[in-house]
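Per-entry structural report
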Amino acid sequence: MKNLWSDKDSKKLSGVEMLAYTSRLIGANPDLVVWGGGNSSIKCLEPDHKGQETQVMYIKGSGSDMRTIEKKHFTRLRLEELQLLEEREAMTDEEMVEYLGHTMMGGNQPRPSIETLLHAFVPHDHVYHTHADAITSLTDTPGSQALIRKLFGKELGFVPYTRPGFTLSKWVGKIAKVDLNLKGVILDKHGLITWGRTAKEAYDRTISFCSKAEKFIQAAKRKRPASLGRVTVKPGSLVEGLKRRVDLLPVIRGTVSESQRMILLFDDSPEVLDFIGRPGAARASQLGPMTPDHIMHIKPKPLFIQNPSKDPAKLAQQLKAGLLLYKKNYLSYFNRYKDPKLTQLDPYPRIILIPGLGMVTTGKNWQAAKIVQDLYHHNLRVIQNSSAISRFQAINEKEIHRFEYWPLENYKLTLLPKEKEFSRQVVLVTGGASGIGRATAFAFAREGAQVFVTDLNVQGTTETVEAICQKYGAHAAEGCVLNVGDEKGVQTAFEKCVLAFGGLDIVFSNAGVAKSSSIKNLTLPEWEQNLKVNATGHFLVAREAVRILQKQGLGGNFVLNATKNVTAPGKDFAAYSSSKAASVQLARILAIEHGEDGIRVNIVNPDAVFEGSKLWEQMSRQRAKAHGVSIEKLKEFYVQRNLLKVQVRAEDVAEAVLFLASSRAAKTTGAMLPVDGGVKEAFLR
Ligand code: ZN
């Protein structure tokens, strides 16, 4: 394991700044901690609010990530008050949390880590706690204690598995005080704690213990390279390219989203395929997590599909049956340790392993599914390492349950901001690179949706996706180029969307073209081009959408962007208005045909949206001519034409689309909503 310490970078640092620096070094190595795992502390003398020198301890705040941690993510506590607790016999989690609250120096600090007292009771200034793969590979074996003694001799203490809290803190404190030469302790089935007189010493020790463990594991693996058996299901043996995954993901999503929708991520990396292709993985994957810290994300165990069928329809059935059985087993597991105070959590797995195909992980959004994916890569490595040493063994089921339903862990969930209106939903937008499409894609992302942007314009699509991710986080949006008039292209775009996020909930069918010309001058290619995009394009998009939505079985929403011209046509606009009228009729019939699937279909009728609109760029000159005004006066003409005397913007249309696609419009389908500032000729009758 590489030691990342830099004398140059750390030269001017001290106190909590030094702690933050070293914590980031630890966080930079995913083999030590990932996604919010681990914690660190420093004890030092600092003036308190009265200016009086006081013994303080800084500890990582609950929920922050060591990879990016800064000074502000640590909580400053009065060390003396923490150490007083060592005299106590016992303390409940609630008493401990309340007490810690009183020792915080100053308000507005993050809630201190649950392992705060453990750090406080260790009589050394610099303390680091990690869930290092190499160390847990040793602890997650049946003979862990003897193994650790053999490997680390008197350098490291050993604590049999105990859940984090007061008892564990006292235990670690005691071991550290009895032998002041110890450099740290190993927590069985959990991780490593190291300490030192300086931050560098504690960090160096973390790296050197892990390196030693890594060397030992490498040797064990050389001796037993196939501890889980040789690969019997060859990577890719179930993959027939894109198609298979696209068939399966909506089926999985439809089932695991029973109480709340999930975003799905697919992983067919060689590492995953190699692991699940070995016969021993079926059993080993069911034994629990490498460290209890991961349970909140990955749940007690994954779903493992044994002998997956090569027939897609049969495999879909296997998956559905597997998920339902997982749920049944989860409910009996929950009931085995029943406690009236507990509320049952989601009974479906976060990880689905399909030998020959890959791993599907689920989460409330792309990032949550990605965290599960990353954590499982570490879990499967540890399973393989421990199996090479002897065999993998995690904490027992009762402890897994206690951890999964531990109020303090669940408390973290209550700290999360309320989910946004379109959280957990996948939205596909056509014509999303500019104008109304772009504004609507942004609005959905703002409200928490995963957005899939499509457009004919390559550069515009990329730019929109990047801008959304910049503003709303990595992978908030994905996208691809799409000509909605191309049957194959539409199919491919929907497949890409399903592969990106696992399914589909909402489609904003928006892409359109407009030709302004009198009927007598309109050419056949111009007429046909308008029909192809404005009528056939919506048809192809709608057809593909309902096929996926039906397979998923969660209902869905389709919003069509029509135009005020459908209800109040103007001259020189035959190709545009006629093709748009066709799309409106298509939408109504879509509403009729799929009402019973819970798919709602609604229409927005905007008028004269100029800003950022490619469509208007192309035809404002002709429209000015048709209305008999100069091009400079066209905007004003449209403002004066509506009852509210307002300019209609892309963002106004976006709000109407969001409303129609939201549960606020749950009882509305087949409806048309004008967004035109009030054009009385276009009133619906
Ligand atoms: Zn831990």
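Residues numbered from 1 in each chain as written. Predicted model: local features only at pLDDT ≥ 70, side-chain atom pairs only at ≥ 80, totals over all residues. Heavy atoms only, no water.

1. Notes on the overall build of the protein
When you go through the protein residue by residue, the secondary structure sums to 25 helices and 18 strands. Along the longest, intermediate and shortest principal axes, the C-alpha atoms of the protein span 100 × 65 × 50 Å. A total of 685 residues make up the protein; the buried ones form 57% of that total. Considering only intrachain contacts with a sequence separation of at least 6, the fraction spanning at least 24 residues in the protein is 74%. Counting every atom, the protein has about 29300 Å² of accessible surface; 53% of that belongs to carbon and sulfur. Side-chain charges of the protein comprise 92 positive and 72 negative groups, with the mean position of each set lying 3 Å from the other. (Helix = DSSP H or I, 4+ residues; strand = E, 2+ residues; numbered from the N terminus. Buried < 20%, exposed > 50% of the residue type's maximum accessible area, 1.4 Å probe, protein only. Contact = heavy atoms within 4.5 Å. Areas by Shrake-Rupley, 256 points an atom, 1.4 Å probe, with all protein chains shown as cover. Lys, Arg positive; Asp, Glu negative; His and termini not counted. Charge placed at Lys NZ, Arg CZ, Asp CG, Glu CD.)

2. Side note on the sheet that holds strand β9 (residues 303-304)
The four strands are arranged β8-β11-β10-β9 in an open sheet whose pairing can be described as mixed. For this open sheet the edge positions go to β8 (263-267) and β9, each flanked by a neighbour on one side alone. Here strand β10 (residues 351-354) runs beside strand β11 (residues 358-363); their pairing, made up of four bridges, is antiparallel. When the bridges of β11 are listed, Ile352 appears paired with Val360. The strands touched by helix α15 (residues 366-389) within the sheet are β8, β10 and β11, with β11 carrying the most contacts at an inclination of about 135°. (Pairing = 2+ DSSP bridges. Axes fitted to C-alpha atoms, helices over the stretch in contact; angles between N-to-C directions.)

3. Describing the domain arrangement of the protein
We note that the domain assignment places domain 1 (7-223), domain 2 (238-354 + 363-402) and domain 3 (426-682) within the protein. Between domain 1 and domain 2, the C-alpha centre-to-centre distance is 30 Å. Of the residues lining the interface, 22 residues belong to domain 1; the matching set on domain 2 comes to 25 residues. When domain 1 packs against domain 2, the two sides together hide about 2200 Å² of surface, and 58% of this comes from carbon and sulfur. Where domain 1 packs against domain 2, one counts one salt bridge. The partner of Asp31 in a salt bridge is Arg381, with the nearest N and O atoms 3.7 Å apart. Taken together, the connections running from domain 1 to domain 2 amount to ten residue pairs in polar contact (both at pLDDT 80 or more). Elements supplying a minimum of two residues to the side of domain 1 that touches domain 2: α6 (133-139) and α9 (199-223). (Domains from an automatic or database assignment. Buried area = accessible area lost by both parts, 1.4 Å probe. Salt bridge = Lys/Arg side-chain N within 4 Å of Asp/Glu carboxyl O. Polar contact = N/O pair within 3.5 Å; in protein donor to acceptor, adjacent residues only side chain to side chain.)

4. Some details on the nonpolar core
Ile352, Phe494, Leu504 and Phe558 are the most contacted members of the largest nonpolar core, which has 86 residues in total. Once residues lying within four places of it in the same chain are set aside, the contact partners of Phe558 are Val507, Ser509, His538, Val541, Ala542, Ala545, Leu590, Arg600, Val601 and Asn602. Judged by nonpolar contacts, the second largest core, of 42 residues, contains Leu19, Leu192, Ala202 and Cys210. (Core = buried A, V, L, I, M, F, W, Y, C linked by side-chain atoms within 4.5 Å.)

5. With respect to the environment of Ala476
Position of Ala476 among the secondary structure elements: in the loop between α19 (458-472) and β14 (477-481). Taking C-alpha positions, Ala476 is 30 Å from Pro112, a pair spaced 364 residues apart along the chain. Each residue touching Ala476, except ones within four places of it in the same chain, is listed here: Ala449, Gln450, Val451, Ile468, Cys469 and Phe501.

6. With respect to the pattern of salt bridges
Note that side chains of opposite charge can pair when their charged atoms are close. On inspection of all chains with the given rule, the structure shows 33 salt bridges. Shared partners join several salt bridges into a network, and the residues in it are Asp31, Glu271 and Arg381.

7. A word on helix α24 (residues 634-641)
Buried residues of α24: Leu634, Tyr638 and Val639, and no others. Down the axis, α24 shows its buried residues gathered within 140° of arc, on one side only. Along its buried surface, α24 packs onto α23 (614-627). (Arc of directions from axis to C-beta.)

8. Considerations on the sheet that holds strand β4 (residues 126-130)
Spatial strand order, β3-β2-β1-β4-β7-β6-β5: seven strands in an open sheet with mixed pairing. Pairing within the sheet leaves two strands with one partner each, and these edge strands are β3 (74-78) and β5 (156-159). Put simply, the sheet's adjacent strands are angled 20° from each other on average, direction ignored. Of the pairings in the sheet, the one linking β4 to strand β7 (residues 191-196) comprises five bridges and is antiparallel in character. Each bridged residue has a counterpart across the sheet, and for His129 the counterpart in β7 is Ile193. Sitting on the sheet, helix α2 (residues 15-27) is in contact with β1 (39-47), β2 (53-60), β3 and β4, with an inclination near 170° to β1. On the sheet, helix α7 (residues 144-152) packs against β5 and β6 (184-187) and is oriented at approximately 175° with respect to β5.

9. Observations regarding the pairing of β11
For a regular strand, side-chain orientation follows a simple rule: the groups alternate between the two sheet faces. Across the six residues of β11, six count as buried, placing the element largely inside the fold. Burial along β11 is two-sided: Gly358, Val360 and Thr362 and Met359, Thr361 and Gly363, pointing in opposite directions, are all buried. Counting the residues in the hairpin turn of β10 and β11 gives three residues, including Gly356, whose phi is positive at 85°.

10. Brief notes about helix α18 (residues 435-446)
Across its twelve residues, α18 extends 17 Å between first and last C-alpha, which sits within 8% of the 16 Å expected from 1.5 Å per residue. The positive-phi residue at the C-terminal boundary of α18 is Gly448, with phi of around 95°. (Expected span 1.5 Å × (residues − 1).)

11. Some points on the coordination of the zinc ion
Ideal values for angles at a metal depend on the geometry: 109.5 degrees with four tetrahedral donors, 90 or 180 degrees with six octahedral donors. Those donors, His129 (NE2), His131 (NE2) and His190 (NE2), are the protein atoms that reach the zinc ion, and they lie 2.1 to 2.2 Å from it. Sequence positions of the donors to the zinc ion reduce to the motif H-x1-H-x58-H. Each member of the pair, His129 together with His131, is buried. (Donors = N, O, S within 2.8 Å, 3.2 Å for Na, K, Ca; no water.)

12. Quick notes on the environment of Leu549
Along the polypeptide, Leu549 turns up in helix α21 (residues 524-552). Here the alpha-carbon distance between Leu549 and Gly598, two residues 49 residues apart in the chain, equals 9.4 Å.

13. A few points about the side chain of Thr440
By the element assignment, Thr440 lies in helix α18. Among the polar contacts made by the side chain of Thr440, one reaches the main-chain carbonyl oxygen of Ile436 at a distance of 2.7 Å.

14. Some points on the packing of aromatic side chains
Summed over the entire model, instances satisfying the criterion amount to 14 aromatic pairs. Each ring, one from Tyr333 and one from Tyr337, has its centre 6.2 Å from the other, and the planes form 75°; the classification is edge-to-face. Its relative accessible area of 21% is what places Tyr337 among the partly exposed residues. Connected via pairs of aromatic rings, a cluster forms that spans Trp5, Tyr21 and Tyr203. In this structure, Arg67 packs its charged tip against the face of Trp35, placed 5.6 Å from the ring centre. (Phe/Tyr/Trp six-rings, centres within 6.5 Å; stacked < 30°, edge-to-face > 60°. Lys NZ or Arg CZ within 6 Å of the ring centre and 35° of its normal.)

15. What about the pairing of β6?
Side-chain alternation along β6 places Gly184 and Ile186 on one buried face and Val185 and Leu187 on a second face that is also buried. Bridge count for β5 against β6 is four bridges, and the pairing is parallel. If you follow Gly157 over to β6, its bridge partner there is Val185. Note on the crossover from β5 through helix α8 (residues 166-178) to β6: the handedness is right-handed. What sits between β6 and β7 in their antiparallel hairpin is a turn of three residues, with Lys189 showing a positive phi close to 60°. (Right-handed = clockwise from strand over helix to strand, strands pointing away.)

16. Here's the deal with unusual backbone geometry
The backbone phi angle of Asn307 is positive, close to 45°, even though this residue is not glycine. Looking at Asn307, the relative accessible area reads 69%, which means it is exposed. One non-glycine residue, His475, lies in positive phi territory at about 65°. Within the secondary structure layout, His475 lies in the loop between α19 and β14.

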